[in-house]
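Notes for the structure review
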Amino acid sequence: MCTVGSMTFSTLYSMKDCLEQAKVPILNRWMAYGDTVEALGRNKMTPEFFSHYFGIKVIEYALGVIKGVNKPGNCPVIGVMLSFFEKKNIPMEDLFLICVNFKNAFIRHMLEEGVLTPDALYEVSLLIDRNFAGVIRAYRDASCKACVNDIEQSGSHVEDFPVIAHHLPLPEGGEPCTSALQYLQEIEIDIEILDELDEIERETLSSLDLSGVIDYEGYREVIGLFSDYVKVLNQLFEFKELAYTLIMLIELLENSSIDEMGEEKRGMLTLYIKAIIEDLSLWRRAVFVDQSAEDIHYLDRTLLSSIAQLQILLSEEGDAETEEIEFF
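My aim in this report is to walk through the structure given alongside it, one point at a time. This one's a predicted model, so the numbers in the text were calculated from it and none came from an experiment.

In a regular helix each residue adds 1.5 Å, so 16 residues correspond to 22 Å; helix α15 (residues 299–314) covers 22 Å between its end C-alpha atoms and thus fits that length. Counting buried residues along α15, twelve of its 16 residues qualify, which places the element largely inside the surrounding structure.

This part covers the nonpolar core. One finds Trp30, Phe85, Phe226, Phe239 and Leu269 to be the most contacted residues of the largest nonpolar core, which totals 97 residues. With twelve residues, the top contributor of residues to this core is helix α5 (residues 47–67). Setting aside residues up to four positions removed in sequence, Leu269 forms contacts with Ile214, Tyr219, Leu253, Met261, Leu310, Leu313 and Leu314.

To continue, consider the packing of helix α3 (residues 23–32) against α5. As a packed pair, α3 and α5 sit with axes 10 Å apart at the nearest point and diverge in direction by 130°. Classed by the angle they form, the pair α3 and α5 counts as oblique. The way α3 lies across α5 gives a crossing that is right-handed. Here Lys23, Ile26, Leu27, Trp30 and Met31 of α3 come into contact with α5, specifically with Pro47, Phe50, Ser51, Gly55, Ile56, Val58, Ile59, Glu60 and Leu63. When grouped by side-chain class, the residues that make up the contact of α3 with α5 number ten nonpolar, two polar and two charged.

Procedures and definitions
- Residues numbered from 1 in each chain as written.
- Predicted model: local features only at pLDDT ≥ 70, side-chain atom pairs only at ≥ 80, totals over all residues.
- Heavy atoms only, no water.
- Helix = DSSP H or I, 4+ residues; strand = E, 2+ residues; numbered from the N terminus.
- Expected span 1.5 Å × (residues − 1).
- Buried < 20%, exposed > 50% of the residue type's maximum accessible area, 1.4 Å probe, protein only.
- Core = buried A, V, L, I, M, F, W, Y, C linked by side-chain atoms within 4.5 Å.
- Contact = heavy atoms within 4.5 Å.
- Axes fitted to C-alpha atoms, helices over the stretch in contact; angles between N-to-C directions.
- Parallel < 35°, antiparallel > 145°, perpendicular 65-115°, else oblique.
- Left-handed = near helix turned anticlockwise from the far one by under 90°.
- Nonpolar A, V, L, I, M, F, W, Y, C, P; charged D, E, K, R; others polar.

Okay, here's the thing in structure tokens:
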């Protein structure tokens, strides 16, 4: 039996191996639905693009929830997807159509396999509907924040727009934050590991500064830095989600060929990578060195947004893999 919080997935847990083998068929069915294809097409995305960057990872994370490895409602790839969608101004109704067809594909597969019992149907609905509610809430909150920024830049006041003010999210979803001081009182950190990360950060940034545009060697060095961060974060339970997010960043970089990028795109990529490394460096110092961070998870959303921006950059028209996608 797998129980996560107040949610129990004992029926789905007994099917976990079969569901693992079915993730690609479920993904293919999801991407084949007419509503999915049309919603993606309206927003200049192909099913192949969505499958590669989001679809398969959403399914894998859901299977991780069933197995008890992942927490429901805390999927980093969903965070990246929402940041990506928000930056592309994708309508809420299209987000709904894309997400609801994941549930439809999951249920249809189980029905055809003859394993859709009442208990299984209840657990699938519980798993996906709860996560879907979180997706809608997060996307609404992100849209409200964007509206607030526009209003403030125009010189108006949020209070003049009661509908927006009513929907403003609480900080970090209303959950209490853990400060660096509080966190470090409860655990012991290997200072040598943190010093090693400091040295790697400085060497990597120095290498990037020497060449205005990143080359293949520097690109691999950056991926190595992020991999080192993952190794350290995986030793600290509190930062498993940040480690997962970095893994997605590594996969994004590894699946992109720097040799096929033009000089302008390489220059933009260099700027993004420098910014991410500097954000990681500031976070490491604020949490583990200066212990000044009021919330040890403050970097999470910034990193998700940076990955979404990188996906947009690396998916611009003219790249071999995404030539059919006309983002700009």
